[in-house]
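An overview of the molecular structure
In case you want the letters, here they are:
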Amino acid sequence: MPPIVIAHRGASGYLPEHTLAAYERAIEQGADFIEPDLVSTKDGVLIVRHELNITETTNVSDHSEFAARRTTKVIDGTSVEGWFADDFTLAEIKTLRARQRLPFRPQQFNDLFEIPTFEEVISLAKRESERRGRVIGIYPETKHPSYHRSVGLPLEEKLVETLKRHGWADRTAPVVIQSFETANLRALRKMTGVRLVQLIDGVGLGADGSPLPGRPYDFEAGGDSRTYADLLTEDGLAEIRTYADGIGPWKRYLVGAIARAGADESEAKLLAPSSVIRDAHKAGLFVHAWTFRNDPQYLATDYGGDPLEEYRQFYRLGVDGVFSDFPDTAIAARAAERNQ
C-alpha cells in the first residue's frame, strides 16, 4: 500500500493554516487526510488551532474589545503570554480571522478566513468525499490535553462524542487521533476503536546529529524520567503498541542530520537512516513522519534544494505516511516513485 499524504494543518504552505480554505486546497491537491489540531473555547466547543495561544495565527491583537484578555498562562510547564482560545466563547472566536504566522509564506490571504470548528472540518471532509468519490480522512490532534483537563475543558470526551455522532467509532473509520502525550491516548483507547498515534517530538539536534528528545508533558508532570527516545526502544515501542496503532515521529528520528548551532536545515548534512521504521513495523506499528516542507530553509543540503528528493528518500525507507505542508509535492513524489 502506498504511503498516505496527510495535509499538515491543511495546505498550509499556500494558505493560512487550519482554515477551511487550506483544507479545501489540500483536498483539491489530492491529500488522503486533513489534519485539524484541536483546542477548546471557553464554552467547550472544539475549534481548530495549532496552539491555545492564538496571538500569531489570528488578528486578535487588532480587536480593541479583547485587549484586556491578553494574559500569561503556564501551559505544559512553560509560561506563555498572549491571547488564548479558552478565554473566548465560540461566538467571539468567530469574529476573528486567520493569519499566516510564517513571514516567508504568502501574506495576502491574512484576515480573510474564519477560525473553523471541528464540526465544520468534518462536514467539509464528508462533503468533499461524496463529491469527489474518494474517502478523505481526518487526522485530529489533541493539543495540550493535560492543560485542557486541568481547566475543566477536557478534549477527549467531546472528540469521541463528535466522532460517534458521525458514525466513526472503529478502526475502519477514516480517522486517526494523535497526541504528544501518552495518558490521554491510553484513555482514548478505552473510549473509541479508531486508530491512535503516539507522536514523538524533539527539541533540536545534538552535536552528533541525533534528536534531543524531550519528554511527553504527562511524563514530566508525573515524575516519569523517560524521554521520547525511550519510547522508540524495543520496550518502548512494545508499550506503545498496547494503546496505539502507530507512531508519528519527527523525521530526524528516522534520518539524523548534523548542522552548526543556530543554523537552519538548509545547512544540515544528513546521517545514515536509523532503524526506527524497521523496529516500529516489527512491533506492529505504522509510521507517519513529520513535517515535510518545500521552503528552502527546511531542506538539508543533500537534497540540492529539491523537496521531491526528500520525499523519495523517506518513501524508499518505508514510511507509511507523511505530514506535509505542501500536499501536492508529496503526492507528486509518491506518483513518481510508483512509476519507477
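What comes next concerns the included structure. (Residues numbered from 1 in each chain as written. Predicted model: local features only at pLDDT ≥ 70, side-chain atom pairs only at ≥ 80, totals over all residues. Heavy atoms only, no water.)

**A word on the overall build of the protein**
Applicable threshold: Strands are runs of DSSP state E lasting at least two residues, helices are runs of H or I lasting at least four, and both sets are numbered from the N terminus onward. All accessible-area figures derive from a Shrake-Rupley calculation using a 1.4 Å probe, and residue coverage is judged against the displayed protein chains alone. Positive charge is attributed to Lys and Arg, negative charge to Asp and Glu, and no charge count is given to His or to the chain ends. Positions of charges follow a simple convention, taking NZ of Lys, CZ of Arg, CG of Asp or CD of Glu.
Scanning the protein from N- to C-terminus turns up 12 helices and 15 strands. Over its C-alpha atoms, taken along the principal directions, the protein stretches across nearly 55 × 45 × 45 Å. Carbon and sulfur atoms form 50% of the exposed surface of the protein, whose accessible area is close to 14,000 Å². Mean positive and mean negative side-chain charge positions of the protein (41 and 51 charges, respectively) differ by 3 Å.

**Overview of the pairing of strand 5 (residues 71-75)**
Test applied: Any two strands with at least two DSSP-identified bridges between them are counted as paired.
Examined bridge by bridge, strand 5 and strand 6 (residues 78-82) share 5 bridges and lie antiparallel to one another. If you follow Thr 72 over to strand 6, its bridge partner there is Glu 81. Between strand 5 and strand 6, which pair antiparallel in sequence order, lie 2 residues; one of them, Asp 76, sits at a positive phi of approximately 55°.

**Quick notes on the side chain of Arg 49**
What counts here: Only protein chains enter the calculation, and the probe is 1.4 Å; a residue is then buried if its accessible area is under 20% of its type maximum, exposed if over 50%, and partly exposed in between. Note on definitions: salt bridges are taken to be side-chain nitrogens of Lys or Arg within 4 Å of carboxyl oxygens of Asp or Glu. Pairs of N or O atoms are called polar contacts if they sit within 3.5 Å, as long as, within protein, a hydrogen donor faces a hydrogen acceptor (for residues adjacent in sequence, only side-chain-to-side-chain pairs). Whether two residues are in contact is decided by their heavy atoms: any pair within 4.5 Å suffices.
Looking at the element boundaries, Arg 49 is found in the loop between strand 4 (46-48) and strand 5. Here Arg 49 occupies a buried position and makes no salt bridge, while the nearest side chain of opposite charge, Glu 17, is found at 5.6 Å. Looking at Arg 49, its side chain comes within polar contact range of the main-chain oxygen of Glu 17, at 3.1 Å. Engagement of the side chain of Arg 49 in a polar contact is seen with the backbone oxygen of Thr 57, the distance being 3.1 Å. Here Arg 49 is in contact with Glu 17, His 18, Thr 19, Asp 37, Leu 38, Val 39, Ile 54, Thr 57, Thr 58, Ala 98, Ile 115 and Lys 143, once residues within four sequence places are set aside.

**Brief notes about the packing of aromatic side chains**
Defined as follows: Only rings of Phe, Tyr and Trp enter the pairing, Trp through its six-membered ring, and a pair is recorded when the two centres are within 6.5 Å. The plane angle decides the type: under 30 degrees is stacked, over 60 is edge-to-face, the rest tilted.
Applying the stated criterion to the full structure yields 11 aromatic pairs. When the ring of Tyr 14 is compared with that of Phe 326, the centres are 5.2 Å apart and the planes differ by 75°; the resulting orientation is edge-to-face. Here Tyr 14 is found in the loop between strand 1 (4-7) and helix 1 (20-28), whereas its partner Phe 326 is found in the loop between strand 15 (321-324) and helix 12 (327-338), with 312 residues between them in sequence. For Tyr 14, a relative accessible area of 23% translates into the label partly exposed. Judged by relative accessible area, Phe 326 falls into the buried class, the value being 6%. Taken together, a centroid distance of 5.8 Å and an interplanar angle of 80° make the contact between Phe 33 and Tyr 139 edge-to-face.

**Things to note about the side chain of Arg 312**
Relative to the helices and strands, Arg 312 is located in helix 11 (residues 307-317). The class for Arg 312 is buried, based on a relative accessible area of 16%. When neighbours within four sequence positions are excluded, Arg 312 is seen to be in contact with Asp 306, Ala 336 and Glu 337.

**Considering the packing of helix 3 (residues 118-132) against helix 5 (residues 156-165)**
Cut-off, in case you're wondering: Note on geometry: axes are C-alpha line fits, over the in-contact stretch for helices, and angles between N-to-C directions span 0 to 180 degrees. An angle counts as roughly parallel when it lies under 35 degrees, as roughly antiparallel when it exceeds 145, as roughly perpendicular when it falls between 65 and 115, and as oblique in every other case. Crossing chirality is assigned from the near helix's rotation relative to the far helix, an anticlockwise turn below a right angle marking it left-handed and a clockwise turn marking it right-handed. Asp, Glu, Lys and Arg are counted as charged, while Ala, Val, Leu, Ile, Met, Phe, Trp, Tyr, Cys and Pro are counted as nonpolar; the rest, among them Gly, fall into the polar class.
Across the interface, helix 3 lies against helix 5 with an axial gap of 11 Å and an inter-helix angle of 30°. In this view, helix 3 runs roughly parallel relative to helix 5, as classed from their interaxial angle. Handedness of the helix 3/helix 5 crossing: right-handed. Note on element contacts: helix 5 touches helix 3 through Leu 159, Thr 162, Leu 163 and Arg 165, opposite Phe 118, Glu 119 and Ile 122. Partitioned by chemical class, the residues of the contact of helix 3 with helix 5 number 4 nonpolar, 1 polar and 2 charged.

**Re the nonpolar core**
Our working definition: Residues belong to one nonpolar core when they are buried, are Ala, Val, Leu, Ile, Met, Phe, Trp, Tyr or Cys, and are joined through side-chain atoms within 4.5 Å.
Counting residues in hydrophobic clusters, the biggest one holds 75 residues, and the most contacted among them are Ile 34, Ile 138, Leu 163, Ile 247 and Leu 254. Each residue touching Ile 247, except ones within four places of it in the same chain, is listed here: Val 197, Gln 198, Ile 200, Leu 232, Leu 237, Ile 240, Val 276, Ala 280, Leu 285, Phe 286, Val 287 and His 288. Within the second largest apolar cluster, 16 residues are counted, among which are Phe 66, Phe 84, Leu 96 and Ala 98.

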